[in-house]
Amino acid sequence: MNNPKLTSPTEVMRLLKKYNFKCQRRWGQNFLIDQNVLQIIVDSLKLSKEECILEIGTGIGTLTSALSSLTKQVISIEKDKKLVPILKESLSPYNNIEIIFKDVMNYDLVNFFKENSIKGRKVEKVVGNLPYYISLPLIRKFFELNKYLKLAVFLVQKEVGERLIAKAGSKEYSILSIITQYYSRPEKIHLVPYTVFYPQPKVSSMIIRLNIYEKPPINVGDEKLFLNIIKASFQQRRKRLINSLSNYFKGNINKLEIEDVLQKIDINKNRRGETLTLEEFAKLSNQLTK
Ligand code: SAH
């Protein structure tokens, strides 16, 4: 299994001290020290020995080592080179772990997946205890890789998790919810208190599983228009749909035409944009394309 010592707070503190490593809060360096939570993350990935897995944020190698015995190859991306000496020690018993010391936000992931598939390596799952400051842009980045990915399991800040799974009309419903539900079927796996990390962050987290669709089940024709309409509808949350849309299309489509479109697809023009479901946004953008 994993290097069980790595979930022991004494061992984590020993390693950090030995190599004089100072955790950077701004890079989300909060390391998991709970065997139970680790097991939940690993189980939710449903791994097999034939596949490889991509991990974001190696840290001191806790999750990395747990993935090792369950897969053919673990590829882990870590920004902080100062972790090298610790990882040399903590991951020394494993021979199927590759660490890429790069900033994942500037790393060419498209090329990464292409090259792996040429090599015949099956990398269809990604996992990570995501640093908060990159969690949103990173999740969006992975949706654009839906051609390659089947499953993503992320540990994110609880509020972010709530937004990913939020339903239309709820307080947490946002552009991110719609994009998430367009590309995937999101599932809440587990709530995680901040006490399972060392050092402790200030907020709770959530384990989220995104079952990524091979092809989004909802047809939106012009994807760019679809996304722009969503943005326009959410920009001024309290505005009525008809006003947000006519503002957005100012000069191109007049208010009366938009009213006509809304009537045709049976959406009340007085509704607020943030109450529309994914299906309704799709209908709206398809009708406007016409
Ligand atoms: N998986 C480990 C570590 C999680 S902490 C565990 O669960 O214990 C998050 C890790 O992400 C840190 O090691 C941090 O250095 C790394 N990280 C932060 N920003 C990153 C970035 N832009 N690219 C790659 N790794 C990053």
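Scroll up to find the structure this text is about.
It should be emphasised that the depicted structure is a prediction, and the values quoted were computed from it without experimental measurement. (Residues numbered from 1 in each chain as written. Predicted model: local features only at pLDDT ≥ 70, side-chain atom pairs only at ≥ 80, totals over all residues. Heavy atoms only, no water.)

**A few points about the sheet that holds strand β9 (residues 205–212)**
Selection rule: Strands pair, by our definition, only if DSSP identifies at least two bridges between them. Secondary structure counts use DSSP, requiring at least four H or I residues in a row for a helix and at least two E residues in a row for a strand, with both numbered from the N terminus. Axis angles are defined between N-to-C directions and span 0 to 180 degrees, where every axis is a line fitted to C-alpha atoms and, for a helix, only to the segment in contact.
If you walk across this open sheet you meet the 7 strands as β4-β3-β2-β5-β6-β9-β7, and the pairing is mixed. Each edge of the sheet is formed by a strand with only one pairing partner; in this case those strands are β4 (97–101) and β7 (184–192). Across the sheet, the mean angle separating the axes of adjacent strands is 20° when strand polarity is ignored. Pairing analysis gives 7 bridges linking strand β6 (residues 151–157) to β9, with the strands arranged antiparallel. The partner of leucine 151 across the bridge, within β9, is asparagine 211.

**A look at the site of the ligand**
Put simply, the rule reads: If even one non-hydrogen atom of a residue comes within 4 Å of a molecule or strand, that residue is called near it. Here a polar contact is recorded for every N or O atom pair within 3.5 Å, except that within protein the pair must consist of a potential hydrogen donor and a potential acceptor, and residues adjacent in sequence are included only if both atoms are side-chain atoms. Throughout, the Shrake-Rupley method with a 1.4 Å probe supplies accessible areas, and for residues the shown protein chains are the sole cover considered. Each residue gets one of three labels, nonpolar for Ala, Val, Leu, Ile, Met, Phe, Trp, Tyr, Cys and Pro, charged for Asp, Glu, Lys and Arg, and polar for the others, Gly among them.
Near the ligand there are 23 residues, and of these Gln29, Glu78, Asp103, Val104 and Tyr133 occur at the shortest range. Aspartate 103 has a polar side-chain atom sitting 2.9 Å from a nitrogen atom of the ligand. Burial of the ligand by the protein chains amounts to 100% of its free accessible area of 570 Å². Within the residue set of the shell around the ligand, elements represented by two or more residues are β1 (31–32), β3 (73–78) and α6 (132–143). The residue makeup of the shell around the ligand, split by class, is 9 nonpolar, 8 polar and 6 charged.

**Re the environment of glutamate 144**
Stated precisely, the cut-off is as follows: In this scheme, a residue with accessible area under 20% of its type's maximum is buried, one over 50% is exposed, and one in between is partly exposed, where area comes from a 1.4 Å probe on protein chains only.
Note that glutamate 144 resides in the loop between α6 and β6. Residue glutamate 144 is classed as exposed on the basis of its relative accessible area, which comes to 60%. For glutamate 144 and asparagine 252, which are 108 residues apart along the polypeptide, the C-alpha to C-alpha distance reads 29 Å.

**Some thoughts on the pairing of β9**
Of all 8 residues making up β9, 8 are buried, and the element is well covered by its neighbours. Judged from the 8 bridges that link them, β7 and β9 form a sheet pairing that is antiparallel. Of the residues in β9, the one forming a bridge with leucine 191 is methionine 206.

**Remarks on unusual backbone geometry**
Leave glycine aside and you will find that most residues have negative phi; peptide bonds, for their part, are mostly trans. The omega torsion across tyrosine 198 and proline 199 is -10°, close enough to zero to call that bond cis. Looking at where proline 199 falls in the secondary structure, it is placed in the loop between β8 (197–198) and β9. Residues other than glycine seldom take positive phi values, yet lysine 46 does so here, at roughly 45°. Residue position: lysine 46 is located in the loop between α2 (35–44) and β2 (52–56).

**Focus on the nonpolar core**
Side chains of nonpolar character tend, in soluble globular proteins, to be buried together. Formally: Take the buried Ala, Val, Leu, Ile, Met, Phe, Trp, Tyr and Cys residues and link them wherever side-chain atoms come within 4.5 Å; each set so joined is a nonpolar core. Segmentation into domains, and thus their bounds, comes from an automatic or database assignment. The contact criterion used is simple: two residues touch if any of their non-hydrogen atoms lie within 4.5 Å.
Leu54, Ile56, Leu109, Phe113, Phe142, Phe154 and Leu284 are the most contacted members of the largest nonpolar core, which has 61 residues in total. When residues of this core are assigned to domains, at least three map to each of domain 1 (4–212) and domain 2 (223–289). Setting aside anything within four residues of it in sequence, one finds phenylalanine 154 in contact with Val126, Val127, Gly128, Leu130, Ile139, Phe142, Met206, Ile207, Ile208 and Leu210. By size, the runner-up hydrophobic cluster in this structure holds 19 residues, among which are Val37, Val42, Leu47 and Leu63.

On their own, these measurements won't tell you what the molecule is for.
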